[in-house]
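Remarks on the overall topology
What follows is each chain in one-letter form.
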Amino acid sequence: MVVKVFGPVAAACPQRVLACLLEMGVDFEVVHIDLESREHKRPDFLPRQPFGQVPTIEDGDFRLYESRAIIRYYATNLEDKAVVDQWLEVEAHNFNDLVYTMVLQLLVLPRMGDRTDFGLVQSCAIKLEKVLDVYEQRLSKSTYLAGDAFTLADLSHLPAMRYLTTEAGYMHLVSERKNVNSWWVNISARPAWKKVMHLMA
Amino acid sequence: MTIKVHGSPVSTASMRVFACLHEKGVPFEFVPVNLAVGEHKSEAFLSLNPFGQVPALQDGDLTLFESRAITNYIAHVYADSGNQLICKDPKKMAICSVWMEVEAHQFDPASSKLTWELCLKPLFGMTTDDAVVAEFEAKLGKVLDIYEARLSKSKYLGGDSFTLADLHHLPNMKYLMPSKAAQLFNSRPHVSAWAADILARPAWLKASGQ
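Predicted model, so just to flag it, every value in this text is computed and none were measured.

So, about the side chain of Q106 of chain B. Here Q106 of chain B shows up in helix 4 (residues 90-123). A polar atom in the side chain of Q106 of chain B sits 2.7 Å from the side chain of Q53 of chain A. Other than its neighbours up to four places away in sequence, Q106 of chain B contacts F51, Q53 and E66 of chain A together with E101 and V143 of chain B.

Moving on, we get to the interface of chain A and chain B. Counting residues at the interface gives 27 residues for chain A and 28 residues for chain B. At the boundary of chain A with chain B, total buried surface from both sides reaches about 2400 Å², with 68% on carbon and sulfur atoms. For the chain A face of the interface with chain B, the top three residues by lost area are F51, E66 and Q86 of chain A, together amounting to 24%. Viewed at the interface, chain B and chain A are joined by one salt bridge.

Turning next to the packing of helix 4 of chain B against helix 5 (residues 130-151) of chain B. Residues and elements named next belong to chain B. Two elements in contact, helix 4 and helix 5, have axes separated by 9 Å at closest approach and are oriented at 155°. If you check the angle between helix 4 and helix 5, you find them roughly antiparallel. Considering the relative orientation of helix 4 and helix 5, their crossing is left-handed. Between helix 4 and helix 5, the residues in contact are I95, W99, V102, E103, Q106, F107, A110, S111, K113, L114, E117 and L118 and V132, V133, F136, E137, K139, L140, V143, L144, I146, Y147 and R150, respectively. A breakdown of the residues in the contact of helix 4 with helix 5 according to their chemical character gives 15 nonpolar, two polar and six charged.

In the numbering used here, UniProt assigns the "domain: GST C-terminal" (unreviewed entry) feature to residues 89-210 of chain B. As annotated, residues 89-210 of chain B comprises 73% helix and 0% strand, and the C-alpha atoms at either end are separated by 34 Å.

Our focus in this paragraph is the sheet that holds strand 4 (residues 62-65) of chain A. Residues and elements named next belong to chain A. Taken in spatial order, the four strands line up as 2-1-3-4 in an open sheet, and their pairing is mixed. Of all strands in the sheet, those bounded by a partner on one side alone are strand 2 (28-31) and strand 4. Averaged over all adjacent pairs, the angle separating strand axes in this sheet is 20°, with direction ignored. As paired elements, strand 3 (residues 56-59) and strand 4 share four bridges and run antiparallel to each other. The residue bridging E58 from the neighbouring strand is R63, located in strand 4. Packed onto the sheet, helix 2 (residues 67-74) meets strand 1 (3-6), strand 3 and strand 4 and runs at close to 130° relative to strand 4.

Criteria and cut-off values
Residues numbered from 1 in each chain as written. Chains lettered and ligands numbered in written order. Predicted model: local features only at pLDDT ≥ 70, side-chain atom pairs only at ≥ 80, totals over all residues. Heavy atoms only, no water. Helix = DSSP H or I, 4+ residues; strand = E, 2+ residues; numbered from the N terminus. Polar contact = N/O pair within 3.5 Å; in protein donor to acceptor, adjacent residues only side chain to side chain. Contact = heavy atoms within 4.5 Å. Buried area = accessible area lost by both parts, 1.4 Å probe. Salt bridge = Lys/Arg side-chain N within 4 Å of Asp/Glu carboxyl O. Axes fitted to C-alpha atoms, helices over the stretch in contact; angles between N-to-C directions. Parallel < 35°, antiparallel > 145°, perpendicular 65-115°, else oblique. Left-handed = near helix turned anticlockwise from the far one by under 90°. Nonpolar A, V, L, I, M, F, W, Y, C, P; charged D, E, K, R; others polar. UniProt positions renumbered as here; feature names shortened; annotations may be inferred. Pairing = 2+ DSSP bridges.

Encoded structure:
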């Protein structure tokens, strides 16, 4: 049975799920949801995801939402689960909010006719540099965040890292850090992630 | 004693871990970290959590940080001790996981902000910002509307039994219940009943020093 993934392929959280399904070799079909016309806030979408957010999945009659819950469900080969979980939490609580705010301010708000708060972007960037310093130290001890193998902890970073380093124009935060840079080059070259990029094109 | 928890009794994230350990009946040694003097930013503590945040846990050779990774670790590794906090069936566990994410991404940001404004700032001699309180009460209210719908169909957030999905809410709820924000919970019957139920759990009373 093909898993249905509801959401636009260009959005970060659906991409987190698509990357995982591609890594795991799980067949899926994307059902596009148009965020600009607020399709995700309409009464016919809310039964799928009561918070009005993407993605949500449908696997037969099994439904799930929250991208990190979805990837945990499909990635069954979780070795050293605790350390993977730890770095997934780091991504969710220390990394994601900062990048999300920067991307929202720099890319999304102007598209909606609102003004970018450059002061806010700058303060997020400063905080993000400190977070990436911790990653730099971590990645000097292991090839991937949770150890020597690629796990969900690395995968979960892919969508936001891509937005940060390309469209938001903050590649220098990564390229200035040797280990973070090698890690990013490595994980973004994975065939499954390239397929997600292809879907987005 | 194999487990050490480095944290602070006033820290919501630390309380989350204490709650889990008490539910499982797993003995542990509490190592206090003095936040007031910045001990969480000391080199010694940074070697446990490079982000300089409490709590951190040591179990033999394993060191972990991030409270929700720690609770998940304890609930899985000590699955056969004490109260069951997770589900063996993968689909049931996935639903539980959904609500753990909801707590982290929807409930926690709004409730933490209110805890800070209403409960913690006064303790530090700072002034509550009423505009911020109004903004976040509105946000939390919208989240709790969804909880009300969920809890009218399910006894606990993850399903029929109490799990980590419910437990993770306890620390912020403990701070907010004595404050004016309590009306957000009390005005929603299913949320109110659920909150009263989980806040009365013996393990929580022990964990929160009550």
